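Listed here are the chains, written in short residue letters.
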Amino acid sequence: MGSGGDTPIRNFCIIAHVDHGKSTLADRILEKTGAVPKEKMRDQFMDQLDIERERGITIKAAAARLRYRAKDGSVFQLNLIDTPGHVDFSYEVSRSLAACEGAVLVVDATQGVEAQTVSNFLLARENGLTILPVINKCDLAQAETSRCVKQLKELGVDTSHLLNVSAKTGAGVDELLEMLVRVFPPPRVPASGGRAAGSLQALLFDSNYDNFRGVLAYVRVFSGRLRAHDRVRLVAAGIESVVTEVGVFAPAQQKVEALEAGEVGYVAAGWKTLSEVDVGDTLAQAGDLTARTLPGYRRIMPMVYASLFASEGENYDQMKVALEKLQLNDSALTIEPEVSDALGFGFKCGFLGLLHMEIVSERLSRELGIETLVASPSVVYRARVRTATPGGVGEWLEVRSASELPPRDKIEVIEEPRIRAMIFTPTETVGPVMQLLDDRRGVMLEMNYLDPQKVILKYDLALSEVITDFYDRLKSITRGYASFDYEPLGYAPADMRKLEVLLNGKEVDALSMIVHKDSDYRIAKSLSERLAAVIPRQMFEVAVQVASNGRIIARETVRALRKNVTAKCYGGDITRKRKLLEKQKEGKKRMKMIGTVEVPKEAFLVAMNVSEVSSNPAGSRSSGRKN
Amino acid sequence: MQPLHVYVHVPFCVDPCGYCDFYRGPHRMDREKTFVRALTGEIKMRLSERKRLDTLYFGGGTPSLLSDESWMEIFSAFRQHAEIFTESEITIEANPASITVAAAKFWRGIGVNRVSVGVQSLNGDILLYLNRIHTSENALDAVRILNETGMDNVNADLIYSIPGQRTMDVIDAIDRLSPWIDHLSAYALTIVPGTPFARRGVTLPDSDVVADQYERIVDRAAAAGLERYEVSNFSRHGAESRHNLNTWRYGACVALGPSAAGFDGSRRYKNIADFLKYAKAIQSGELPESESEEADPSTAFWDRLMLGLRTREGVRLSPDERAGLAAIADSAGLGDHLEWTENGARLKPDKIVLLDEILTRLRVAAPCR
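Computed from a prediction, not measured in an experiment: that's the story for all the values here. Along every chain, residues carry numbers that run from 1 in the direction the sequence is written. Chain letters and ligand numbers both follow the written order, the letters beginning at A and the numbers at 1. Owing to the predicted nature of the model, reporting of local features is limited to residues with pLDDT of at least 70; listing and counting of side-chain atom pairs is limited to 80 or more, with chain, interface and lining totals taken over all residues. To get the side-chain values, take all heavy atoms of the structure and skip hydrogens and water.

Re the overall build of chain A
Strands here mean DSSP runs of E at least two residues long; helices mean DSSP runs of H or I at least four residues long; both are numbered from the N terminus. Counting its secondary structure elements, chain A contains 14 helices and 33 strands. Scored against the burial criterion, the 627 residues of chain A give a buried share of 57%. When contacts within chain A are restricted to residue pairs at least 6 apart in sequence, long-range pairs at least 24 apart make up 70% of them. Accessible areas in this description were obtained via Shrake-Rupley with a 1.4 Å probe; residue shielding takes into account the shown protein chains only. Summed over its atoms, the accessible surface of chain A is roughly 25900 Å², and 50% of this surface lies on carbon and sulfur atoms. When a residue's accessible area, from a 1.4 Å probe over protein chains only, is under 20% of the maximum for its type it is buried; when over 50% it is exposed; and in between it is partly exposed. Note on definitions: a residue-residue contact is assigned when non-hydrogen atoms from the two residues lie within 4.5 Å.

Comments concerning the packing of aromatic side chains
Here is the rule: rings of Phe, Tyr and Trp (six-membered ring for Trp) pair when centre to centre is within 6.5 Å. Planes less than 30 degrees apart are stacked, more than 60 are edge-to-face, and the remainder are tilted. For the coordinates displayed, the defined rule picks out 24 aromatic pairs over all chains. Arranged with centres 5.2 Å apart and planes meeting at 5°, the rings of Tyr316(A) and Phe347(A) form a pair that is stacked. With Tyr316(A) in helix α7 (residues 316-328) and Phe347(A) in strand β19 (residues 344-351), the pair connects residues that are 31 residues apart, well separated along the chain. Neither residue differs from the other here; Tyr316(A) and Phe347(A) are each classed as buried. Chaining the aromatic ring pairs together yields one cluster made of Phe205(A), Tyr218(A), Phe249(A) and Tyr266(A). Charges are assigned to positions over rings by a cutoff of 6 Å between ring centre and Lys NZ or Arg CZ, combined with an angular limit of 35 degrees from the ring normal. In this structure, Arg220(A) is placed above the aromatic ring of Phe222(A), and the distance from its NZ or CZ to the ring centre is 4.1 Å. Geometry around Tyr187(B) places Lys568(A) over its ring, the cationic atom sitting 4.5 Å from the centre.

A word on the interface of chain B and chain A
Listed by partner, the interface residues are 43 residues for chain B and 31 residues for chain A. Buried area is calculated as the accessible area (1.4 Å probe) missing from two parts once they are joined, with the contributions of both summed. Summed over both partners, the interface of chain B with chain A comes to about 3500 Å²; 55% of that surface belongs to carbon and sulfur atoms. Salt bridges are identified by distance alone: a Lys or Arg side-chain nitrogen within 4 Å of an Asp or Glu carboxyl oxygen. In this assembly, chain B and chain A are joined by 11 salt bridges. Note that Asp356(B) is salt-bridged to Lys577(A), the shortest N-O span being 2.7 Å. Throughout this description, a polar contact denotes any pair of N or O atoms lying within 3.5 Å of each other; where both atoms belong to protein, one of them has to be capable of donating a hydrogen while the other can accept it, and for residues adjacent in sequence the pair is counted only when both atoms sit in side chains. Taken together, chain B and chain A are joined by 25 residue pairs in polar contact (both at pLDDT 80 or more). Among the elements of the structure, β8 (183-188), α8 (207-223), α9 (242-248), α11 (297-308) and α13 (355-365) of chain B are those that each provide at least two residues to the side of chain B that touches chain A. Among the elements that line the side of chain B that touches chain A, the one with the most residues is α13(B), at 9 residues.

Here we look at the packing of helix α3 (residues 90-98) of chain A against helix α4 (residues 115-126) of chain A
Residues and elements named next belong to chain A. Orientation of α3 relative to α4, taken along the N-to-C sense of each, is 45°, at an axis distance of 9 Å. As far as their axial angle goes, α4 and α3 are oblique. Once α3 is placed against α4, the crossing between them reads as right-handed. Taking contact as the criterion, the partners of Ser90, Val93, Ser94 and Leu97 in α3 are, on α4, Asn120, Leu123 and Ala124. Note on geometry: axes are lines fitted to C-alpha atoms, helical ones only across the stretch in contact, with angles between N-to-C directions running from 0 to 180 degrees. Roughly parallel here means an angle under 35 degrees, roughly antiparallel means over 145, roughly perpendicular means 65 to 115, and every remaining angle is called oblique. In this scheme the crossing of two helices becomes right-handed for a clockwise turn of the near helix relative to the far one and left-handed for an anticlockwise turn of less than a right angle.

Some details on empty space enclosed by the protein
The definitions used throughout rest on a 1 Å grid laid over the protein atoms alone, on which a cavity is an enclosed set of points accommodating a 1.4 Å probe that cannot get out and a pocket is an open set flanked by protein within 12 Å on both sides along at least five of seven lines; lining residues are those having an atom within 4 Å of a point. Grid points are joined across faces, edges and corners, and a volume is the space filled by probe spheres set on the points. Evaluation of the coordinates by the stated rule reveals 5 cavities of 30 Å³ or more. One number sums up the size of the largest cavity: a volume of about 50 Å³. In terms of lining, the largest cavity is formed by Arg578(A), Leu581(A), Trp302(B), Asp303(B), Met306(B), Leu359(B) and Arg363(B). Breaking the lining of the largest cavity down by element, the ones donating at least two residues are α12 (574-589) of chain A together with α11 and α13 of chain B. Sorting elements by how many residues they give to the lining of the largest cavity places α11(B) first, with 3 residues. Among the residues forming the lining of the largest cavity, the class breakdown is 4 nonpolar, no polar and 3 charged. For this classification, Asp, Glu, Lys and Arg are treated as charged, while Ala, Val, Leu, Ile, Met, Phe, Trp, Tyr, Cys and Pro are nonpolar and the rest, including Gly, are polar.

Overview of the pattern of salt bridges
Should the charged atoms of two oppositely charged side chains come close, the side chains can pair. Tallied over the entire structure, the rule returns 65 salt bridges over all chains. Residues Glu598(A) and Lys588(A) are paired through a salt bridge, measuring 3.1 Å at the closest nitrogen-oxygen approach. Of this pair, Glu598(A) sits in strand β32 (residues 597-599) while Lys588(A) sits in helix α12, placing them 10 residues apart in sequence. This pair shows no difference in class: Glu598(A) is buried, exactly as Lys588(A) is. Here Asp175(B) and Arg220(B) are joined by a salt bridge, their closest N and O atoms 2.8 Å apart. Within this pair, whereas Asp175(B) is found in helix α6 (residues 167-177), its partner Arg220(B) is found in helix α8, the two being separated by 45 residues in sequence. Given a relative accessible area of 32%, Asp175(B) falls into the partly exposed group.

Comments concerning the environment of Gly238(B)
All names here are of chain B. Position of Gly238 among the secondary structure elements: in the loop between β10 (233-235) and α9. According to the relative accessible area criterion, Gly238 is exposed, its value standing at 59%. Considering only alpha carbons, one finds Gly238 and His183, 55 residues apart in sequence, at a separation of 9.9 Å.

Digging into the sheet that holds strand β11 (residues 239-242) of chain A
Residue and element names in this part refer to chain A. In space, the 8 strands of this open sheet follow the order β11-β10-β16-β7-β8-β15-β12-β13, with antiparallel pairing throughout. Strand pairing shows two members of the sheet lacking a second neighbour, β11 and β13 (253-256), which therefore form its edges. Within the sheet, the average angular offset between the axes of one strand and its neighbour, ignoring direction, is 40°. Any two strands between which DSSP finds at least two bridges are classified as paired. Relative to strand β15 (residues 264-268), strand β8 (residues 214-223) is paired through 5 bridges, and the arrangement is antiparallel. When the sheet's bridge partners are listed, Arg220 is paired in β15 with Val264.

Here's the deal with the pairing of strand β23 (residues 411-426) of chain A
Residue and element names in this part refer to chain A. β23 sits mainly inside the fold: 13 of its 16 residues count as buried. Pairing geometry for strand β21 (residues 381-385) and β23, over 4 bridges, is antiparallel. Paired with Arg384 across the two strands is Val413, which belongs to β23. Here β23 pairs with strand β26 (residues 483-493) via 9 bridges, running antiparallel. Bridge pairing in β26 places Arg420 opposite Glu487. Inspection of the sheet shows β23 paired to strand β25 (residues 454-462) by 9 bridges, in the antiparallel sense.

A closer look at α12(A)
Residue and element names in this part refer to chain A. Helix span is expected to be 1.5 Å times the residue number reduced by one. In a regular helix each residue adds 1.5 Å, so 16 residues correspond to 22 Å; α12 covers 22 Å between its end C-alpha atoms and thus fits that length. Every buried residue belonging to α12 is among Ile574, Thr575, Lys577, Arg578, Leu581, Lys585 and Lys588, and all of these are buried. Seen end-on, α12 carries its buried residues on one side only, within an arc spanning 160°. Summarising the geometry of α12, the exposed residues directed more than 90 degrees from the buried face are Lys579 and Lys583. The arc in question is the one spanned by the directions pointing from the helix axis to the C-beta atoms.

Some thoughts on the packing of helix α3 (residues 101-110) of chain B against helix α5 (residues 136-149) of chain B
All names here are of chain B. It is the contact of α3 with α5, at a shortest axis distance of 9 Å, that shows an interaxial angle of 40°. Of the possible angle classes, the one that applies to α3 and α5 is oblique. In this structure, α3 crosses over α5, and the sense of that crossing is right-handed. On α5, the residues that touch Val101, Ala104, Lys105, Trp107 and Arg108 of α3 are Ile145, Leu146 and Thr149. Considered class by class, the residues forming the contact of α3 with α5 number 5 nonpolar, 1 polar and 2 charged.

Structural measurements only, silent on function.
Here's what the structure looks like:
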């Protein structure tokens with residue numbers, strides 16, 4: 001396949017709520033355009049990882065160059081850019097969208113408009129894309145096509161070219177291809193901004209790591225041309241290097257001589273790590289000092305931190321290698337070593353969100369056979385500390401766990417990350433959903449009816465209230481019908497407290513946590529009860545106390561052990577008895593001594609909200625995340 | 001010459017108890033003959049020099065099932081290979097149902113002077129629950145007969161911490177038995193994996209309930225003149241079991257019979273726990289052992305503590321060992337749980353009940369070996 005030349009180009013993506021059929025539709029398009037022969041077609045070709053296919057979530061965007069001959073005989077180069085399908089990756093989605101001129105907006109005829117339909121639509125509109133709505137699964141008996149059309153209109157989607165398709169059977173896909181080359185505009189050229197016409201500007205919308213070539217950056221060339229041996233510069237990162245290879249996705253990687261303006265492909269330029277190559281950065285000629293980044297670039301920052309530990313301590317090294325390998329293809333993942341009293345050596349990892357966190361630990365167990373423990377998920381708080389000199393400007397500190405919190409008297413203010421949450425829910429469940437949002441310190445921003453059956457709630461919510469069991473609760477009170485999406489809303493002051501656990505008066509640092517003042521009593525009570533349940537009875541009474549900002553607000557007592565002696569110990573019992581004591585000794589050795597109190601590992605797990613990630617992604621924990 | 005302590009395991013029962021994990025099989029006359037022949041063979045093997053017999057203990061199983069002829073044969077073998085005196089403590093374990101005046105007189109006649117009776121309970125429902133073949137009347141008759149036959153020492157075994165058992169049942173049993181007995185063993189029911197009780201998923205009462213029962217038992221036994229001298233053993237003054245004291249003092253003991261465990265002062269062995277394989281080994285002139293281990297000094301030290309601290313007298317220690325243990329106890333925060341004697345240490349009486357917890361704490365605090 002040659003490069004563009006005079007062949008007209010259409011760059012587009014498919015956007016949809018999870019499970020509305022995006023990947024299946026992409027498969028049909030690949031098949032119809034002959035990019036992938038039918039017999040080689042695996043389901044959901046563009047989702048490269050098993051885990052993506054199984055969970056129906058696209059994690060890593062991919063691209064495909066297709067050749068399409070329209071009914072009138074004209075030939076088009078189509079670049080289909082796949083987008084990640086989840087809230088956690090909305091920045092990456094937005095960069096993929098920025099590489100396109102058109103978006104096919106897929107709505108499941110049986111489900112109607114959902115939260116991510118809206119957020120994807122808004123993102124696409126923000127990026128100036130032409131939107132072609134498509135109602136999928138029209139072949140199903142439960143399809144409610146006209147209701148979907150009404151909902152789309154209500155959203156403000158232009159439905160004048162709307163199509164009905166079945167990605168599964170392929171019905172309507174020919175019409176879709178014909179329509180999209182008509183309605184999607186040809187590649188746009190950004191305003192020159194006083195720079196020489198034809199100077200290189202290419203948007204990095206994704207990247208991948210290859211053992212031989214290093215980082216492969218996926219690019220959309222907006223202007224100029226990108227050739228092998230060019231000396232190029234990453235504008236935001238300021239890194240210069242020489243292009244070693246350019247190519248296109250046919251959909252398999254295929255080397256080409258150059259990528260022309262409007263084209264989509266990949267570049268290798270000797271970059272060693274993903275941290276050099278930020279999604280959203282712009283590639284320019286090295287000598288072009290006037291080059292600026294294309295609009296929309298920002299550095300992505302972790303929103304959620306959690307500690308990952310190997311469930312078998314000796315797997316630490318293996319886990320380190322595995323995490324570093326994952327990081328090669330996941331620039332959003334940050335890792336740093338951590339030591340826990342209870343769990344040994346592990347890593348404090350930063351994630352874009354909860355789903356991202358789950359995917360990482362699942363991939364550890366799936367691809368590398370390492371079972372992981374996920375501990376203490378926490379958001380990043382900000383604390384302004386008092387200056388030594390009165391009236392000075394306080395310094396902001398990032399706080400990722402209770403142990404990083406400065407002393408109380410040094411803190412002027414604590415701020416927490418907030419999100420703008422969008423929840424779609426059936427009308428009859430609005431009451432319980434609003435109650436849940438209320439419990440989670442939500443502030444209602446808007447409430448709209450999409451149609452008589454469906455309500456859109458927009459809330460300002462604390463991110464910390466969402467990272468524990470929010471999705472699961474939401475799913476359970478709406479019997480799975482609600483959908484949820486969010487975007488960061490910046491920081492806002494919050495009355496956060498430090499909860500400390502004391503065992504017989506001695507503070508246990510590893511058990512402290514940051515909670516909001518409205519929930520400190522509830523959490524303290526539950527924490528002290530759960531701790532008292534897992535701390536074994538000892539030779540003396542153990543007081544389990546929980547203090548909020550230094551004041552005891554909950555107490556439980558573990559009564560003293562009164563009897564522990566083997567009834568019989570005669571000649572025949574000695575060896576067995578000795579082995580038993582040996583085992584008990586090993587058990588005790590694994591306990592952590594807090595003063596004279598023996599604290600088992602489980603106690604730390606209780607406080608850290610630890611979940612053991614099983615290698616079964618269809619389990620209850622993940623089911624809530626798909627919509 | 002060191003006095004001799006001998007244990008004999010008799011591997012037969014009429015109908016096994018649900019909680020028992022000792023090696024035993026059904027009792028038949030041909031099997032008894034095979035056993036006696038093998039046992040006399042093992043006596044020859046293991047008692048090579050004629051030593052002064054201090055204690056001889058027949059446990060089981062149910063030794064009282066053995067016929068008079070078997071007893072004669074066994075005792076004649078012992079008399080050939082050891083010196084038996086009137087002071088020798090010779091114990092047999094007996095099921096209450098098999099104790100008659102005639103049997104008691106016969107045992108006394110061949111030299112048995114201590115009988116340990118598996119009473120377990122005097123409550124009919126509990127006896128049924130335990131799958132015992134005797135009644136409470138059998139048991140009371142048994143201890144009275146033995147007492148009146150002139151046994152030097154009559155022991156009754158009782159079990160507590162049985163699901164559904166009332167503390168009053170145990171207390172009442174102590175009261176009714178105490179006029180006839182010199183020695184009492186009261187064991188907390190333990191669920192051993194592999195036993196019918198374990199398979200049935202029997203769950204024990206709450207540990208606080210068990211602790212209460214135990215306290216009541218210790219008090220009531222003392223009131224009846226039976227003082228605790230080991231975790232589960234009580235006796236009148238001077239009526240302690242010398243055989244068992246020897247074990248708790250880390251003394252050597254020759255063990256005979258299938259599955260029996262013996263100790264020569266440094267080596268522990270266990271006989272094959274299979275009746276026929278055991279008999280076959282002896283027939284071919286081999287020691288019928290399945291396990292053997294030589295204790296290293298650290299294992300020996302902790303074994304001595306594990307055994308000695310069970311008793312009222314405590315453990316004998318060298319001055320160095322005593323200082324070492326004191327340091328470990330201090331670092332474990334247990335200094336106030338021990339009492340230091342002239343030549344050793346013992347647990348304070350109210351702490352014996354926590355022995356296992358104390359031992360593991362001491363072991364964790366002990367410097368690495």
